[in-house]
Amino acid sequence: MPPAPTLDLLLLPSWLVPVEPAGVVFKDYALGIRDGLIEFIGPRADGMARSAVEVLELPGCLLTPGMVNAHGHGAMALFRGLADDLPLMTWLQDHIWPAEGRWVDEAFVRDGMDLAIAEQLKGGITCFADMYFFPKIAAERVHESGMRAQISVPILDFPVPGARDIDEALRQGIALFDELRDHPRVSLAFGPHAPYTVGDANLEKVRVLANQLDAPIQMHVHETASEVQQALEHTGERPLARLARLGMLGPRFQAVHMTQVNDDDLALLVENNCSVVHCPESNLKLASGFCPIERLWQAGVNVAVGTDGAASNNDLDLLAEVRTAALLAKAVAGSATAVDAHRALRMATLNGARALGLDALIGSLEVGKAADVVAFDLSGLAQQPVYNPVSQLIYATGRDCVRHLWVAGQALLSDGRLTGFDEAALAARARAWGERIAASDAQ
Ligand SMILES: [Zn+2]
């Protein structure tokens, strides 16, 4: 038998949680990476028998798949803390939309996206879904950074920064699809903003194009009770039912929020095999409602988790988000057994990958998948003693414990430090934007 090929990197953590198979914790295992893929998973002794260019001992560390932030608006990181403690429509109409009209241009998206990418990498996120203006700039920043993302082409009925009307937005989107067709880390989706900002005619255009390009659709749906109520008053139809009638729903449909779910809504999600992206902290902060994730899960709906934008959260901390999700699910379901720690981690990894149509490539630690991996350091006082590393990760660990992170085998975070960004320069750029925006009238 020929000798096994040399590994590029052999990781030797105290614990390894593959997420698939579910509920498993391997102790003293090794993970080997070669050509950006996971080449080996097995007992430490078997791993040590393999030759490797680099061997990294990770005592006290837990290795998991990289986390997938399934919904956000990255560049809005520059609006973090601009308008707080307001209901959704007041926040949007009186603060965020005017500020976007005044400030969002290519430079804003470039700097905001860099800030969002850096924050997410430091927090253990290897892949994120983004919905914002100037998607071409966002895609370029992701490409440059080495991170992985689904970038949505934003669709609204009114003019937006970067596109005078929907036809221009769609033309730009098609060109971007062509450009990125074979990109190994950047995928594209359509992002019609919400049922109340995109009419039937434009949704029909999105549906036709998404079918032609076999592209996912990500959309805010049923974010608040009043969204559903107003639609019922005006049209007699719930927004999700309208989307179903228009043929928008399917396995590539990502319904963000879904705080309002009646029996008919649940049946539509199940029949169409849609994913739901749960953003509990944004929903809590805007008092939008509670997505009944335990009920969705029991019905077989794929539930992922997202931070939403930093203007409504106010961070891109998916580990904190999933902790909130696990705690809130118990309160909403009235059951302490709802969403246990393993399921919470699955929601932040494999379910996110599945929502984005990337589960054949990422979301679990399995041989042949991309080496998108995070090492969490559980050796600190606040994590002692470690009976169950997954429980410790979800319920007792903050993102400051992220020690190393790889995307497609490339180290983007090493010993807590970003390898591709100058953190002081990033912070200085963000501060400069903040000072300009704070000094203006159009906040
Ligand atoms: Zn959002």
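Conventions used here
Residues numbered from 1 in each chain as written. Predicted model: local features only at pLDDT ≥ 70, side-chain atom pairs only at ≥ 80, totals over all residues. Heavy atoms only, no water. Helix = DSSP H or I, 4+ residues; strand = E, 2+ residues; numbered from the N terminus. Rg over C-alpha atoms; globule rule 2.2 N^0.38 Å. Buried < 20%, exposed > 50% of the residue type's maximum accessible area, 1.4 Å probe, protein only. Contact = heavy atoms within 4.5 Å. Areas by Shrake-Rupley, 256 points an atom, 1.4 Å probe, with all protein chains shown as cover. Lys, Arg positive; Asp, Glu negative; His and termini not counted. Charge placed at Lys NZ, Arg CZ, Asp CG, Glu CD. Domains from an automatic or database assignment. Buried area = accessible area lost by both parts, 1.4 Å probe. Donors = N, O, S within 2.8 Å, 3.2 Å for Na, K, Ca; no water. Tetrahedral: all angles 85-135°; square planar, octahedral: opposite > 155°, others 65-115°. Axes fitted to C-alpha atoms, helices over the stretch in contact; angles between N-to-C directions. Parallel < 35°, antiparallel > 145°, perpendicular 65-115°, else oblique. Left-handed = near helix turned anticlockwise from the far one by under 90°. Nonpolar A, V, L, I, M, F, W, Y, C, P; charged D, E, K, R; others polar. Core = buried A, V, L, I, M, F, W, Y, C linked by side-chain atoms within 4.5 Å. Patch = residues over 30% accessible without salt bridge, like charges linked within 9 Å, V, L, I, M, F, W, Y side chains within 5 Å. Salt bridge = Lys/Arg side-chain N within 4 Å of Asp/Glu carboxyl O. Pairing = 2+ DSSP bridges.

Overview of the overall build of the protein chain
- Scanning the protein chain from terminus to terminus reveals 16 helices and 17 strands.
- Its C-alpha atoms give the protein chain a radius of gyration of 21 Å, near enough to 22 Å, the size a compact globule of 443 residues would have.
- Residues classed as buried in the protein chain amount to 57% of the 443 residues present.
- Long-range contacts, defined as pairs at least 24 residues apart, comprise 73% of the intrachain contacts of the protein chain with a sequence gap of at least 6.
- Looking at the protein chain as shown, the accessible area adds up to about 17,000 Å², and 52% of this sits on carbon and sulfur atoms.
- For the protein chain, the distance from the average site of its 35 positive side-chain charges to the average site of its 55 negative ones is 2 Å.

A look at the domain arrangement of the protein chain
- Assigned domains of the protein chain: these are domain 1 (7–65 + 369–408) and domain 2 (67–355).
- Computed over C-alpha atoms, the centres of domain 1 and domain 2 are 29 Å apart.
- Domain 1 puts 28 residues into the contact, and the matching count from domain 2 is 30 residues.
- With both sides pooled, the region where domain 1 packs onto domain 2 buries about 2,200 Å², and carbon together with sulfur makes up 65% of that total.

Digging into the environment of Val 206
- Here Val 206 lies in helix α6 (residues 200–213).
- The spatial distance from the C-alpha of Val 206 to the C-alpha of Gly 380 is 49 Å, given a sequence separation of 174 residues.
- The residues touching Val 206, leaving out its near neighbours within four places in the chain, are Ile 155, Phe 190, Pro 192, Ile 217 and Met 248.

Side note on the coordination of the zinc ion
- Around the zinc ion, the protein supplies His 71 (NE2), His 73 (NE2), His 220 (NE2) and Asp 308 (OD) as donor atoms, at distances of 2.1 to 2.2 Å.
- One can describe the donor arrangement at the zinc ion as irregular, given that its 4 donor atoms subtend angles of 88 to 169° at the metal.
- Sequence spacing of the donor residues for the zinc ion, all on one chain, is H-x1-H-x146-H-x87-D. With His 220 in strand β10 (residues 217–221) and Asp 308 in the loop between β13 (302–305) and α12 (318–333), this residue pair connects regions lying 88 residues apart in the sequence.

Side note on the environment of Met 248
- Mapped onto the elements of the fold, Met 248 is located in the loop between α8 (239–245) and β11 (253–257).
- Taking C-alpha positions, Met 248 is 8.5 Å from Val 206, a pair spaced 42 residues apart along the chain.
- In contact with Met 248, other than residues within four places in its own chain, are Leu 203, Val 206, Arg 207, Ile 217, Leu 243 and Phe 253.

Some thoughts on the packing of helix α3 (residues 106–122) against helix α4 (residues 135–145)
- At a minimum axis distance of 9 Å, the contact between α3 and α4 shows a crossing angle of 40°. By the angle class used here, α3 and α4 are oblique. Note on packing geometry: the crossing formed by α3 with α4 is right-handed. Along its contact with α3, which presents Glu 106, Val 109, Arg 110, Met 113, Asp 114 and Ile 117, the element α4 presents Ile 137, Ala 138, Arg 141, Val 142 and Ser 145.
- Looking at side-chain class alone, the contact of α3 with α4 contains 6 nonpolar, 1 polar and 4 charged residues.

Focus on the nonpolar core
- Counting 116 residues, the largest nonpolar core has Phe 79, Phe 108 and Phe 253 as the members making the most contacts within it.
- In terms of residue count, the dominant contributor to this core is α3 (8 residues).
- For this core, the domains that each give at least three residues are domain 1 (7–65 + 369–408) and domain 2 (67–355).
- Not counting residues up to four positions away in its chain, the partners in contact with Phe 253 are Ile 217, Met 219, Val 221, Leu 243, Met 248, Cys 274 and Ser 275.
- Formed by 15 residues, the second largest nonpolar core is a distinct cluster that contains Leu 11, Ile 33, Ala 371 and Ala 375.

Points about a negative patch on the surface
- Together, Asp 105, Glu 106, Glu 140 and Glu 144 make up a negatively charged patch on the protein surface.
- For Glu 140, the position within the fold is in helix α4.

Concerning the pairing of strand β14 (residues 373–377)
- Of all 5 residues making up β14, 5 are buried, and the element is well covered by its neighbours.
- What you see with β14 is no split at all: Val 373, Ala 375 and Asp 377 on one side and Val 374 and Phe 376 on the other are buried throughout.
- Pairing between β14 and strand β15 (residues 402–407): 4 bridges, direction antiparallel. Paired with Ala 375 across the strands is His 404, a residue of β15.

Here's the deal with unusual backbone geometry
- A cis amide bond links Glu 20 with the next residue in sequence, Pro 21, at an omega value of 0°.
- Position of Pro 21 among the secondary structure elements: in the loop between β1 (7–16) and β2 (26–27).
- Here the residue pair Asn 313 and Asn 314 is connected by a cis peptide bond, since its omega of 10° sits within 30 degrees of zero.
- Position of Asn 314 among the secondary structure elements: in the loop between β13 and α12.
- We note that Asp 35 has phi near 50°; this positive angle belongs to a residue other than glycine.
- Relative to the helices and strands, Asp 35 resides in the loop between β3 (29–34) and β4 (37–43).
- Phi angles above zero are rare outside glycine, and His 222 is one such case at about 50°.
- In this fold, His 222 is placed in the loop between β10 and α7 (225–235).

Some thoughts on the side chain of Arg 346
- Mapping Arg 346 onto the fold places it in helix α13 (residues 341–347).
- Residue class for Arg 346 comes out buried when judged on its relative accessible area of 19%.
- In contact with Arg 346, not counting residues within four places along its chain, are Val 19, Glu 20, Ala 22 and Asn 351.

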